[in-house]
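Residue-level structure breakdown
For reference, the chains in residue letters:
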Amino acid sequence: MTSYIDQFPEEARLVKAAMVSAFLALAVGATFGLLQVLHRTGMVRVLSSADYYTALTAHGVLLALTFTIFFLVALFTWGITTSLDRNLPSMRFAWGWYGTMVVGALMAVVAIFAGFLTEPPTLLGEELSASVLFTFYAPLQAHPLFYLGLAIFVIGTWIAGYDWFRTYWAWKRDNPDERTPLPAFMALTTMLFWWLSSAGVAIAIVVFLLPWSLGIVDSVNPLLTRTLFWFFGHAVVYFWLMPAYMLWYILLPKLSGGKLFSDPLARVVFVLFLLLSTPTGIHHQYMDPGIAEGFKFIVMVNTMFLLLPSLLTAFTVVASMEHGARQRGGTGKLRWLGKLPWRDPVFTGMALSGLLFAAAGFSGMINAGMNINYLVHNTFWIVGHFHLTVGTAVALTFMAGSYWFIPQVTGKPLWNRTAGLVQVLLWFLGMVFMSNAMHRAGLLGVPRRTAEPQYENFAFEGAIGSVGELDAQVVLGGTLLAISTIIFLVTIVMTMLGDRGEVPDNSYAGTLSGPEHSPAILDNLKLWTAIALVLIVLAYSLPLAAIVQRGGLFGPGIDGITRVLPPIDTIGGLVEWVVGR
Amino acid sequence: MSQPTDPPGTPPDSAIERELTHDEFDPIGTAVLITLYFLILVGMWLFTYFVEFLGNGPTVVGVIG
Amino acid sequence: MDIHTYEKAWLGAALVLIVFFIATVTYGTVGAGVEMIDDSGGTVDPNNLADHERFGDPGVEQVGENEYEVNVIASAFFFRPGSDQRGFDPIRVPANSTVTFYVTSSDVIHGFSIPGTNVNTMVIPGEVAELTVEFDEPETYGLLCNEYCGFDHHNMEGTVEVVPEDQYDGGDGQ
Ligand code: HEM
Ligand SMILES: [Cu+2]
Ligand SMILES: [Cu+2]
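Procedures and definitions
- Residues numbered from 1 in each chain as written.
- Chains lettered and ligands numbered in written order.
- Predicted model: local features only at pLDDT ≥ 70, side-chain atom pairs only at ≥ 80, totals over all residues.
- Heavy atoms only, no water.
- Donors = N, O, S within 2.8 Å, 3.2 Å for Na, K, Ca; no water.
- Tetrahedral: all angles 85-135°; square planar, octahedral: opposite > 155°, others 65-115°.
- Buried < 20%, exposed > 50% of the residue type's maximum accessible area, 1.4 Å probe, protein only.
- Contact = heavy atoms within 4.5 Å.
- Buried area = accessible area lost by both parts, 1.4 Å probe.
- Salt bridge = Lys/Arg side-chain N within 4 Å of Asp/Glu carboxyl O.
- Polar contact = N/O pair within 3.5 Å; in protein donor to acceptor, adjacent residues only side chain to side chain.
- Near = heavy atom within 4 Å.
- Helix = DSSP H or I, 4+ residues; strand = E, 2+ residues; numbered from the N terminus.
- 1 Å grid on protein atoms, 1.4 Å probe; cavity = no way out; pocket = protein on both sides within 12 Å on 5 of 7 lines; lining within 4 Å.
- Points joined across faces, edges and corners; volume = space filled by probe spheres on them.
- Nonpolar A, V, L, I, M, F, W, Y, C, P; charged D, E, K, R; others polar.
- Axes fitted to C-alpha atoms, helices over the stretch in contact; angles between N-to-C directions.
- Parallel < 35°, antiparallel > 145°, perpendicular 65-115°, else oblique.
- Left-handed = near helix turned anticlockwise from the far one by under 90°.
- UniProt positions renumbered as here; feature names shortened; annotations may be inferred.
- Pairing = 2+ DSSP bridges.

**Let's talk about the coordination of the copper ion (ligand 3)**
Geometry sets the ideal angles at a metal, namely 109.5 degrees for four tetrahedral donors and 90 or 180 degrees for six octahedral donors. All names here are of chain C. Coordination of the copper ion (ligand 3) by the protein involves Cys145 (SG), Glu147 (O), Cys149 (SG) and His153 (ND1), with metal-donor separations of 2.0 to 2.7 Å. In this structure, the copper ion (ligand 3) is surrounded by 4 donor atoms whose angles at the metal cover 78 to 129°, and the resulting shape is irregular. Every donor residue of the copper ion (ligand 3) comes from the same chain, spaced as C-x1-E-x1-C-x3-H. Residue classification places Cys145 among the buried positions, given a relative accessible area of 0%. Using a relative accessible area of 0% as the deciding quantity, one classes His153 as buried.

Pasting the structure below:
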């Protein structure tokens, strides 16, 4: 019996801690999700409508950043150590990056939650609050603690990435002729584009927003900080998604009783994500003034090609499941589907996530389609879309995965298989209701990020179904999701409180077509990183130069620094001068 | 089916009836499903683009005059 | 590489799909004449809108036989003109007209969206969003801010009235 905790007892504690952090964020974030649903529809309004935005900020930050990324670092730590069969070089160092992330997340969360107080405390001469949503578009301003917390959190992930890389380098020295195992390959390529893309948000925070919130500079260029946010903002969605892909590629085939259909294509897919996930961010700015149509078109082409790795994934993953089903006696064109292990919540949760991700693929294609963005931009459609992607493909895969991982890192068997099965089914159903209604409401023009989408001057009208019916569906879906979250948390807690017992072995799927079939060049990370950089420069240098030229590095009509630091003004002027050439 | 007594996440090895290699395995089911998906995507795209979007005027247009 | 025939076919089909999407969007631009919000609106100093030729006195202006320009300032939490429930003029234009909106912000980022239509843009301080729309039929539309702009964002709304030509009494600015 070899579970992860037997092989890597030290790392298992870290993985467990990171997963528990993720679940705490999920618990609080999902509570706000339910409150939002009830508030928007006007069913029950617990918070004031002004506080709604504080809650929404917490929901976005806790779920989209904290929950997802804590789970990611847990998963990648598992993937690196398991697939390289090697310990992290130093556990103290590893706890260091985990601690950095915790501190950063707590700082941001404290700043957000202070916004609920009627009289927020004052810190650094400013009221503590951060009701700026997780996109924190300037000139809405948060307390410096919020920006600082986010920056520290991101830096923690950078150090974690370095930790995985040095583990890999050490492994490489000992095994110079071996192919990089697939899970490690996935973690490393993902970290590479994470470094590239999060540099954008780090610059936005450290160079512009933090000094501005501290009063060191007077203003910012809102289009510039927004563009830097989205430089990171599209890549971050793949940062959420890659761990889910990793589980679909390496765990799902095994659970189905089969093997991964193609190791080479899996590598191609991750290389494509490394290349294309950053030079696509401007597709979140199709509706922005100040960016030329030509740039938007180029970015759309990049984005459309980014569909390719996901479409390839759909084939490879389904074929791997089919392989398992057929090995277990499945026959017919579709009858083999019945041979899949539908009573295993780990399998079923991931398979249902994949199904809803296919649906999300459709709304994502619409979102990518430049001019059709007039129809859906900033409507509830978008919220429907990303609750299928990050809210299900990622979140439900993580929850289902936890039913496998928590036994791995505790040595304790899952508390109750039926509870797990009910939980994943409820999430699926709840999300079908909620996101379907959100998509349809969006087509009627119902906006997102709005506490009371009920207006004095007009009402939303649709050809099919009324707003009342859509609201009812959203509330039903949200309620099912909340119940599902509770069952999940109870199952995890009960498992962790249980006794040690028999748990599955720590292993992942073999491959039908193995790494020996993939060209060695696929493992050349330096090459792909270099190409990714070139693509980023091509996609971003001209738009960024134009934005700085139009609005100034530090904002419209204000030439930079006034109060404390004249040197920055000089640097700003210099950069403006260079870019202006 | 995996046995109800197996811990979840156990690969259902016990139930494997035959080993299929890459060349023996014909993923026809996947081909059927993915073709269906393709057709749905094309149909829904056409509807959303031409009916929901272009039929939803007024729209932002190029300056004519 | 060892790639199954079906998978090669799917790779081909996926590429066809991608090209098909790009072609549709290109048709929307070239064939249907949909134009993106872009950099043509120019920039303004958001702190000195009062001195600006366009935004010093925002409102509707006739610029050609059936052509109108509407200059709008979005501020937390109203459109000027637009937010009639806050005491500003509604935006009023005649049917069968080509209307170009110039929208900017005096404070934070806002949205400018006419629900039930494809009129939708971000409003960014320092930038002017320029969007041209043809209004054929008389109709009263709503107008709303669809980007979070502060605690009262949900009350940022207004009206766009497209009135029959014979009932049009000139823009508010005249
Ligand atoms: C309990 C289940 C959930 C419910 C009921 C729920 C509900 C909602 C609702 C109604 C909104 C839109 C609010 C608005 O635009 O006014 C929203 C926004 C959002 N949700 Fe969820 N959600 C849930 C779970 C999740 C999960 C698991 C994730 C991600 C892992 C997530 C990520 C987000 C994000 C990123 C936003 C956008 C925040 C923003 O606009 O700033 N949600 N959620
Ligand atoms: Cu994106
Ligand atoms: Cu607003």
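**Details of the interface of chain C and chain A**
Taken together, the 62 residues of chain C in the interface contact 68 residues of chain A. Summed over both partners, the interface of chain C with chain A comes to about 5,600 Å²; 67% of that surface belongs to carbon and sulfur atoms. Broken down residue by residue, the surface that chain C buries against chain A is led by Met36, Tyr148 and His154 of chain C, which jointly contribute 14%. Two residues, Glu147 of chain C and Arg449 of chain A, come together in a salt bridge whose shortest N-O distance is 3.1 Å. At the boundary of chain C with chain A, the tally comes to 29 residue pairs in polar contact (both at pLDDT 80 or more).

**Quick word on the site of ligand 1**
Residue and element names in this part refer to chain A. Taken together, 28 residues lie near ligand 1, and Arg40, Tyr52, His59, His387 and Arg449 sit nearest. Side-chain polar atom of Tyr52 to an oxygen atom of ligand 1: 2.5 Å apart, as the coordinates give it. Elements with a contribution of two residues or more to the shell around ligand 1: helix 2 (9–41), helix 3 (49–84), helix 14 (380–410), helix 15 (417–443) and helix 16 (467–497).

**Brief notes about the interface of chain A and chain B**
The interface of chain A with chain B comprises 47 residues on the first partner and 38 residues on the second. Note on chain A versus chain B: buried area summed over both sides is about 3,900 Å², and carbon and sulfur give 70% of it. Sorting the residues of chain A by area buried against chain B places Gln327, Arg328 and Phe362 of chain A first, and these three jointly supply 16% of that buried surface. Per-element tally for the side of chain A that touches chain B: the top contributor is helix 11 (residues 307–327) of chain A, with 9 residues.

**A look at the coordination of the copper ion (ligand 2)**
All names here are of chain A. Those protein atoms acting as donors to the copper ion (ligand 2) are His234 (ND1), His283 (NE2) and His284 (NE2), and they sit at 1.7 to 2.0 Å. Between consecutive donors of the copper ion (ligand 2), the numbers of intervening residues give the motif H-x48-H-H. According to the relative accessible area criterion, His283 is buried, its value standing at 10%.

**As for empty space enclosed by the protein**
The full count for this structure, using the stated rule, is 7 cavities of 30 Å³ or more. Sorting the residues of the lining of the largest cavity by element identifies helix 3, helix 5 (144–174), helix 6 (182–213) and helix 7 (222–250) of chain A as the ones contributing at least two each. Here the lining of the largest cavity is built from residues that sort into 12 nonpolar, no polar and no charged. Taken as a whole, the second largest cavity encloses approximately 90 Å³ of empty space. Around the second largest cavity, the lining comprises 20 residues; the ones closest to its centre are Leu375, Thr379 and Gly445 of chain A together with Ser113 and Pro115 of chain C. Mapped by element, the contributors of at least two residues to the lining of the second largest cavity are helix 13 (373–376) and helix 15 of chain A together with strand 6 (110–114) and strand 7 (119–123) of chain C. Of the residues that constitute the lining of the second largest cavity, the class distribution is 9 nonpolar, 11 polar and no charged.

**Some points on the layout of surface pockets**
What the second largest pocket holds in volume is close to 940 Å³. Every residue lining the second largest pocket is counted, 34 residues in all, and those nearest its centre are His439, Arg440, Leu443 and Leu444 of chain A together with Glu52 of chain B. At the level of elements, helix 12 (345–368), helix 14 and helix 15 of chain A, helix 1 (28–53) of chain B together with strand 9 (139–144) of chain C are the ones that each hand at least two residues to the lining of the second largest pocket. Of all the elements, helix 15 of chain A adds the most residues to the lining of the second largest pocket, at 6 residues. Its residues assigned to classes, the lining of the second largest pocket shows 19 nonpolar, 11 polar and 4 charged.

**Details of the packing of helix 3 of chain A against helix 6 of chain A**
Residue and element names in this part refer to chain A. Running from amino to carboxyl end, helix 3 crosses helix 6 at an angle of 140°, the nearest separation of the two axes being 8 Å. Compared by their axis directions, helix 3 and helix 6 come out oblique. Here helix 3 runs over helix 6; the crossing is left-handed. Along its contact with helix 3, which presents Ile69, Phe76, Gly79, Ile80, Ser83 and Leu84, the element helix 6 presents Pro183, Ala184, Ala187, Leu188, Thr190 and Trp194. Taken together, the residues that form the contact of helix 3 with helix 6 break down as 9 nonpolar, 3 polar and no charged.

**As for the UniProt feature "transmembrane region" (unreviewed entry) in chain C**
Per the UniProt record, "transmembrane region" (unreviewed entry) is annotated on residues 9–30 of chain C. Overall, residues 9–30 of chain C shows 100% helix and 0% strand. The separation of its end C-alpha atoms is 31 Å.

**Describing the pairing of strand 2 (residues 67–75) of chain C**
All names here are of chain C. By the criterion of burial, strand 2 is predominantly enclosed, with 8 of the 9 residues buried. Relative to strand 2, strand 1 (residues 59–62) runs antiparallel, the two being bridged by 4 bridges. Following the sheet pairing, Gly59 is matched in strand 2 by Asn71. Hairpin connection between strand 1 and strand 2: a loop of 4 residues separates the two successive antiparallel strands. In terms of strand pairing, strand 2 meets strand 5 (residues 97–105) through 8 bridges, oriented parallel. Counted as the bridge partner of Ala74 is Ser105 from strand 5. Note: strand 2 against strand 3 (residues 78–80), 3 bridges, orientation antiparallel. Bridge assignment links Ser75 to a residue of strand 3, and that residue is Phe78.

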